[in-house]
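Coordinate inspection notes
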Amino acid sequence: MQVARTEQQIEIPTSWSALPMGDWVAAEIQERLDNWCPHLFGYHLLKVGALSAELSCGCSSIRHQIGVATSGRLLDIKGDPVALPVRTGSVDACLLAHCLDFSPDPHQVLREAERVLTDDGWLIVSGYNPLSLVGIGHCLPFLRQHLPWSARMFTPARVTDWLHLLGCEVMFDERFGYSFMGKQSRIGWWRESVGRDYCRPFASVYVIAARKRRFPLIPVRRRWRLPESIAAPGMARQGW
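The paragraphs below set out a description of the structure included in this document. (Residues numbered from 1 in each chain as written. Predicted model: local features only at pLDDT ≥ 70, side-chain atom pairs only at ≥ 80, totals over all residues. Heavy atoms only, no water.)

Some thoughts on the pairing of strand β7 (residues 205–212)
Rules: Under the scheme applied here, a residue whose accessible area is under 20% of the maximum for its type counts as buried, over 50% as exposed, and between as partly exposed, the area being computed with a 1.4 Å probe on protein chains only. Under the scheme used here, helices are H or I runs from DSSP no shorter than 4 residues and strands are E runs no shorter than 2 residues, and both carry numbers assigned from the N terminus. Two strands pair if DSSP finds at least two bridges between them.
Of all eight residues in β7, seven are buried; the element is thus mostly enclosed. The sheet contact formed by strand β6 (residues 168–176) and β7 spans eight bridges and is antiparallel. Its bridge partner being in β7, F176 is matched across the sheet by V205.

Notes on the side chain of N129
Note the threshold: Any pair of nitrogen or oxygen atoms within 3.5 Å is treated as a polar contact; in protein, a donor-acceptor pairing is required on top of that, and neighbouring residues in sequence qualify only through side-chain atoms on both sides. Should any heavy atoms of two residues lie within 4.5 Å, those residues are considered in contact.
The topology assignment puts N129 in the loop between β5 (117–128) and α4 (133–139). A polar side-chain atom of N129 sits 3.1 Å from the main-chain amide nitrogen of L131. Apart from the residues lying within four places of it in its own chain, the contact partners of N129 are V134, G135, T155, P156, P201, F202, A203, S204 and Y206.

Quick look at the environment of A93
Examined against the element boundaries, A93 turns out to sit in strand β4 (residues 91–97). Using a relative accessible area of 3% as the deciding quantity, one classes A93 as buried. The spatial distance from the C-alpha of A93 to the C-alpha of R211 is 8.9 Å, given a sequence separation of 118 residues. What A93 contacts, discounting residues up to four positions off in sequence, is L40, H44, L45, L46, I62, L117 and W122.

Describing the pattern of salt bridges
In plain terms, the rule: Throughout this description, the term salt bridge denotes a Lys or Arg side-chain nitrogen within 4 Å of a carboxyl oxygen of Asp or Glu.
The tally for this structure, following the rule as stated, stands at eleven salt bridges. Note that R115 and E112 form a salt bridge whose closest N and O atoms lie 3.0 Å from each other. Residue R115 and its partner E112 are located together in helix α3 (residues 106–116), separated by three residues, close to a single helical turn. What makes R115 partly exposed here is its relative accessible area of 23%. Linking D173 and R175 is a salt bridge whose minimum nitrogen-to-oxygen distance equals 2.9 Å. Judged by relative accessible area, which is 24%, D173 ranks as partly exposed. Since its relative accessible area comes to 15%, R175 is described here as buried. Beyond isolated ion pairs, a larger network of salt bridges with shared partners links E28, R32 and E174.

Written out as structure tokens, the structure is:
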């Protein structure tokens with residue numbers, strides 16, 4: 001299993017156009033966001049990473065939306081995803097579009113997102129699936145030096161486990177993109193339809209929406225019981 005944290009230098013794309021088929025992937029993620037965003041309520045929405053900042057969450061009732069990344073377009077704050085300059089428990093929804101794929105410490109990215117979320121806040125994560133056609137390119141030495149095959153790529157099951165460890169409940173999980181994701185790659189509606197029905201675990205891209213859950217620990221009070229000598233039957237008051 002690939003180690004989550006690495007000291008290697010990672011090329012981070014600052015726009016979807018920097019990725020082969022990036023505009024198509026962004027459009028597909030945007031379609032999912034348009035379906036899910038009506039479920040998002042609150043006051044603040046945080047888009048972590050340059051790719052997240054280019055996506056729209058306009059279908060949500062959350063009007064204050066902030067983009068944060070070290071570089072890129074449409075940013076409101078310049079900050080590192082592994083150390084977000086945001087107060088704890090102040091964000092109602094957080095978007096991580098392919099942020100884990102291009103981070104040296106994806107665990108810390110998720111921990112920071114969970115930290116800034118309010119209770120019952122939403123966390124939306126997308127990324128490349130290594131168990132797919134795009135994952136084959138990641139295994140080839142002459143391709144893994146180039147985007148998108150240079151991405152870290154963690155399986156959806158592994159990302160789901162990380163979310164569960166952080167106390168998040170997965171609400172939606174969708175897959176798409178049954179393609180090599182190269183410049184000359186093509187997407188056919190028939191391939192997407194067949195893949196969605198029969199090859200879902202091998203989709204190239206996953207989009208997961210989870211909700212932060214916090215259940216209060218209420219101590220169980222000990223029931224008050226009468227002493228046996230008082231509660232024993234046949235102890236009615238006797239007359240003199």
